[in-house]
Amino acid sequence: MFTGIVEELGEVVKLTDTGTDSALIAVRGPVVTSDAKHGDSISVNGVCLTVVDVGADVFTADVMGETLRRSSLGALRAGDPVNLERAATLGTRLGGHLVQGHVDGVAEIIGREPAEQWETVRFSLPAGIARYAVEKGSITVDGVSLTISEIGDDAFAVGLIPTTLKLTTLGHKKIGDPVNLEVDVVAKYVERLLGSGKAMS
């Protein structure tokens, strides 16, 4: 479980195709590797990955074919920046919202509108997850917990403060670039409960 508060902007060292419908990713991140060990979970652009090795500020993780197909990780190349966050602990402050690191869909940046103190960024909204997104609700974009400021049938917008623009990939990405989306898991549970037709006493 994560909070959507990015700890550092890391860098992809290498993405290696292992030839078995999977890949091995190596990521440089001094902060997240400072106490990382085999088996720990680290979010990479919003995707929960399990550490298999750590050394010299670099950690490696296996990426299964399903993850490569359902996220933007397969498009990463050496040198690309990535948002990194270690898994939350019971003592972690929940500065964002509950994030699982399970990507629900891949969207694209479709617009950027700079302002004096912030920037409005617009994203496409895949039809399969649009029903879970609401104005003023939480959504995770590339591992960043954000609040939806505007929403339509096939797009939504968020406002990014200078800190987010500087310290995450969202400040560097261009129109047309892919991003990983994760909707608020609470919305999924509500839909499941209401859809079951069972009243709770």
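Residues numbered from 1 in each chain as written. Predicted model: local features only at pLDDT ≥ 70, side-chain atom pairs only at ≥ 80, totals over all residues. Heavy atoms only, no water.

Draft legend 1. Inspection of the overall build of the protein chain at higher detail. Regarding its fold elements, the protein chain presents four helices and twelve strands. Radius of gyration (C-alpha) of the protein chain: 17 Å, near the 17 Å computed for a compact globule of 201 residues. With the C-alpha coordinates of the protein chain rotated into their principal frame, the extents come out at 50 × 50 × 35 Å. Out of the 201 residues in the protein chain, the part that is buried amounts to 41%. Looking at the protein chain alone, contacts between residues at least 24 apart form 69% of all its contacts between residues at least 6 apart. (Helix = DSSP H or I, 4+ residues; strand = E, 2+ residues; numbered from the N terminus. Rg over C-alpha atoms; globule rule 2.2 N^0.38 Å. Buried < 20%, exposed > 50% of the residue type's maximum accessible area, 1.4 Å probe, protein only. Contact = heavy atoms within 4.5 Å.)

Draft legend 2. Region of the structure containing the pattern of salt bridges. In total, this model carries 13 salt bridges according to the counting rule given. Across the pair Arg69 and Asp21 runs a salt bridge whose closest N-O atoms are separated by 3.0 Å. Taken as a pair, Arg69 in helix α2 (residues 65-70) and Asp21 in the loop between β1 (8-17) and β2 (22-28) lie far apart in primary sequence, 48 residues in all. Since its relative accessible area comes to 55%, Arg69 is described here as exposed. Put simply, Arg69 and Glu66 hold a salt bridge, and the shortest N to O gap is 4.0 Å. In this pair, Arg69 and Glu66 both sit in helix α2, three residues apart, roughly one turn of the helix. (Salt bridge = Lys/Arg side-chain N within 4 Å of Asp/Glu carboxyl O.)

Draft legend 3. Quick peek at the pairing of strand β4 (residues 47-55). Bridge count for strand β3 (residues 41-44) against β4 is four bridges, and the pairing is antiparallel. Counted as the bridge partner of Ile42 is Leu49 from β4. Counted along the chain from β3 to the antiparallel partner β4, the turn is two residues long, and its residue Asn45 has a positive phi close to 50°. In textbook terms, the turn of a hairpin is the stretch between consecutive antiparallel strands, and for β4 and strand β5 (residues 58-64) this stretch comprises two residues, one of which, Ala56, has a positive phi near 50°. (Pairing = 2+ DSSP bridges.)

Draft legend 4. View of a nonpolar patch on the surface. Taken together, Met1, Leu94 and Leu98 make up a surface patch of nonpolar side chains, about 290 Å² in accessible area. Checked against the element boundaries, Leu94 lands in the loop between β6 (81-86) and β7 (105-114). Judged by relative accessible area, which is 48%, Leu94 ranks as partly exposed. (Patch = residues over 30% accessible without salt bridge, like charges linked within 9 Å, V, L, I, M, F, W, Y side chains within 5 Å. Areas by Shrake-Rupley, 256 points an atom, 1.4 Å probe, with all protein chains shown as cover.)

Draft legend 5. Layout of the sheet that holds strand β12 (residues 178-183). Within the closed barrel, the six strands sit side by side as β7-β8-β11-β10-β9-β12. Their pairing is antiparallel. Taking each pair of neighbouring strands and ignoring which way they run, the sheet shows an average axis angle of 45°. Both strand β9 (residues 138-141) and strand β10 (residues 144-151) contribute to a ladder of four bridges, which runs antiparallel. Its bridge partner being in β10, Val141 is matched across the sheet by Val144. (Axes fitted to C-alpha atoms, helices over the stretch in contact; angles between N-to-C directions.)

Draft legend 6. Examining the sheet that holds β4 more closely. In space, the six strands of this closed barrel follow the order β1-β2-β5-β4-β3-β6, with antiparallel pairing throughout. Adjacent strand axes in the sheet meet at a mean angle of 45°, parallel and antiparallel pairs treated alike.

Draft legend 7. Expanded view of the side chain of Asp142. Along the chain, the position of Asp142 falls in the loop between β9 and β10. A polar side-chain atom of Asp142 sits 3.5 Å from a polar atom in the side chain of Thr169. For Asp142, the residues in contact, after removing those within four places along its chain, are Asn45, Gly46, Ser72, Asn83, Thr169, Leu170, Lys173, Pro178, Val179 and Asn180. (Polar contact = N/O pair within 3.5 Å; in protein donor to acceptor, adjacent residues only side chain to side chain.)

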